[in-house]
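# A look at the structure
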Amino acid sequence: MSANEDGIAVKLNTYVESKIQVRAPSKKDKTENNPETVVQKNTASIPEDESGKTKSDKIELRNSIPHEPPESMDSSCSNDTNEAQIETINVSVNVNIEPESPSRGLNGQFKRMQLTVPKINYTEKIIFCLDMSSDMEQTPFKLGDGSQHTPLSMVKRTIELFVENKHFINRKHEFSLMVLYENATWVREFTNDPKELIDSLQDLNETQACTSCDLASIVTLITDKYEMRIPRKISLLPCLFRVILVYGRSSCMIQFSNEEARDFLINYPFLILDIVYIHEPPTNENKCQEIFEALCDLDEHNKSYIYEITRNTTKLHNSMAKLLTHPVQRCAQKDTTYSIRLPYSQEME
């Protein structure tokens, strides 16, 4: 494979050897991690308040955007602007592409590269992968007014709010839709028109009983249709891909039929995986805890935000609101805090 001006195209069966010059990331002592936070991310919760109010959900979505500026202040994806921002945060990445090396796979390549993606407001290509198994029509969510809604209908509502508010932040972001049965399937190609995606979302009503779930099909669909590029300069990166997986099965463990697809999903620096896991209360009869731990294992580099929800409407809306932040401008999930504390002097008053 030869390198062109923009970079190289990466497929699952492509092997490339690269020499990278990057500033070495600072190593933190593992003991600095908050053990309570680690336990919280790796433990499926028991249901909390079953009656969550959703009246102010849209207001919360619009105001839960700590990292990404509005479009009027948004940096464009032009090379000049991106290069200026890279200089501001003192990040320098030079990639020298060499001929193919058949002895190295994608996993080794990306681990060896250790690219540090600068905190630039890249245009996002967001792929919603919605679980359409029969589990999404089982135990309903209960609202404060006494009405009940299936997990599928509640997820549709939160995705609609997410798309509308993300589009309000930056109209260049694009959205697409996949459905997940035993394998993933495209439903809607990328569009920056929220109405088109919402119309496709509303047409999804048919669920199926599923006995397996192959997440490798998500990666295969993306890499077969779109070129995953490693640019010579990070400023040449045209966009950032993000998959938001909504998984709703309590007894069906996730699988990867292709180990290279799993390695690609974990290690490719310009593909982000966020997960919202909706499940039944953990019992000895289901596999909620095991599934949640397997989903957390997909985040080896602290790039992902992973939320688990039982049947709490407020928690579902809050989790989707937190995903509005730009994936390369947000901190690691273990470092997040959403509480507001007054200065000590005001607390004493």
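Notes on the structure follow. Everything numeric here is computed off the predicted structure, so don't read it as measured data.

### Re the overall build of the protein
- If you tally the helices and strands in the protein, you get 11 helices and 13 strands.
- In the protein, buried positions account for 49% of the 349 residues.
- Considering only intrachain contacts with a sequence separation of at least 6, the fraction spanning at least 24 residues in the protein is 83%.
- Surface summary for the protein: the accessible area is close to 17,200 Å², and the carbon and sulfur share equals 48%.

### Some thoughts on the nonpolar core
- Judged by nonpolar contacts, the single largest core of 49 residues is most densely connected at L215, I218, I222, F241, L245 and Y247.
- Per-element tally for this core: the top contributor is helix α9 (residues 288-296), with 6 residues.
- Leave out the neighbours within four places in its chain, and F241 touches K125, I127, F190, I222, Y226, M228, F270, L271 and I272.

### Focus: a negative patch on the surface
- Residues E290, E293, D297 and E300 make up a contiguous surface patch of negative charge.
- Looking at the secondary structure, you find E300 in the loop between α9 and β13 (306-309).
- Residue E300 is classed as partly exposed on the basis of its relative accessible area of 43%.

### Let's talk about empty space enclosed by the protein
- The full count for this structure, using the stated rule, is 3 cavities of 30 Å³ or more.
- Within this model, the largest cavity holds a volume of roughly 60 Å³.
- Lining the largest cavity are L265, I266, L271, I272, L273, L298, D299, E300, H301, N302, K303 and S304.
- Looking at the lining of the largest cavity, the elements that each hand over two or more residues are α8 (259-267) and β12 (271-278).
- In terms of residue count, the dominant contributor to the lining of the largest cavity is β12 (3 residues).
- Each residue belonging to the lining of the largest cavity can be placed in one class, and the counts come to 6 nonpolar, 3 polar and 3 charged.

### Thoughts on the sheet that holds strand β11 (residues 240-247)
- The 6 strands are arranged β9-β8-β5-β11-β12-β13 in an open sheet whose pairing can be described as mixed. Each having just a single partner strand, β9 (184-191) and β13 make up the two edges of the open sheet. Between one strand and the next, the sheet's axes are offset by a mean angle of 15 degrees, whatever the strand orientation.
- Examined bridge by bridge, β11 and β12 share 7 bridges and lie parallel to one another. Of the residues in β12, the one forming a bridge with L245 is I275.
- Against the sheet, α9 touches β11, β12 and β13, its axis set at about 165 degrees to β12.

### Some remarks on the packing of helix α5 (residues 151-169) against helix α6 (residues 194-202)
- Closest axis-to-axis distance for the α5/α6 pair is 10 Å, and the angle between their directions is 170 degrees. With respect to α6, the element α5 is oriented roughly antiparallel. For the pair formed by α5 and α6, the contact residues are K156, I159, E160, V163, E164 and H167 on the first element and P194, L197, I198, L201 and Q202 on the second.
- Per-class residue counts for the contact of α5 with α6 are 6 nonpolar, 2 polar and 3 charged.

### A closer look at the pattern of salt bridges
- By the definition in use, this model includes 12 salt bridges.
- Measuring nitrogen to oxygen at the nearest pair gives 2.7 Å for the salt bridge that ties D274 to R330. Of this pair, D274 sits in strand β12 while R330 sits in the loop between α10 (313-322) and α11 (344-348), and the two are 56 residues apart along the sequence. Each member of the pair, D274 as well as R330, carries the same accessibility label: buried.

Rules behind the numbers
- Residues numbered from 1 in each chain as written.
- Predicted model: local features only at pLDDT ≥ 70, side-chain atom pairs only at ≥ 80, totals over all residues.
- Heavy atoms only, no water.
- Helix = DSSP H or I, 4+ residues; strand = E, 2+ residues; numbered from the N terminus.
- Buried < 20%, exposed > 50% of the residue type's maximum accessible area, 1.4 Å probe, protein only.
- Contact = heavy atoms within 4.5 Å.
- Areas by Shrake-Rupley, 256 points an atom, 1.4 Å probe, with all protein chains shown as cover.
- Core = buried A, V, L, I, M, F, W, Y, C linked by side-chain atoms within 4.5 Å.
- Patch = residues over 30% accessible without salt bridge, like charges linked within 9 Å, V, L, I, M, F, W, Y side chains within 5 Å.
- Salt bridge = Lys/Arg side-chain N within 4 Å of Asp/Glu carboxyl O.
- Lys, Arg positive; Asp, Glu negative; His and termini not counted.
- Charge placed at Lys NZ, Arg CZ, Asp CG, Glu CD.
- 1 Å grid on protein atoms, 1.4 Å probe; cavity = no way out; pocket = protein on both sides within 12 Å on 5 of 7 lines; lining within 4 Å.
- Points joined across faces, edges and corners; volume = space filled by probe spheres on them.
- Nonpolar A, V, L, I, M, F, W, Y, C, P; charged D, E, K, R; others polar.
- Pairing = 2+ DSSP bridges.
- Axes fitted to C-alpha atoms, helices over the stretch in contact; angles between N-to-C directions.
- Parallel < 35°, antiparallel > 145°, perpendicular 65-115°, else oblique.

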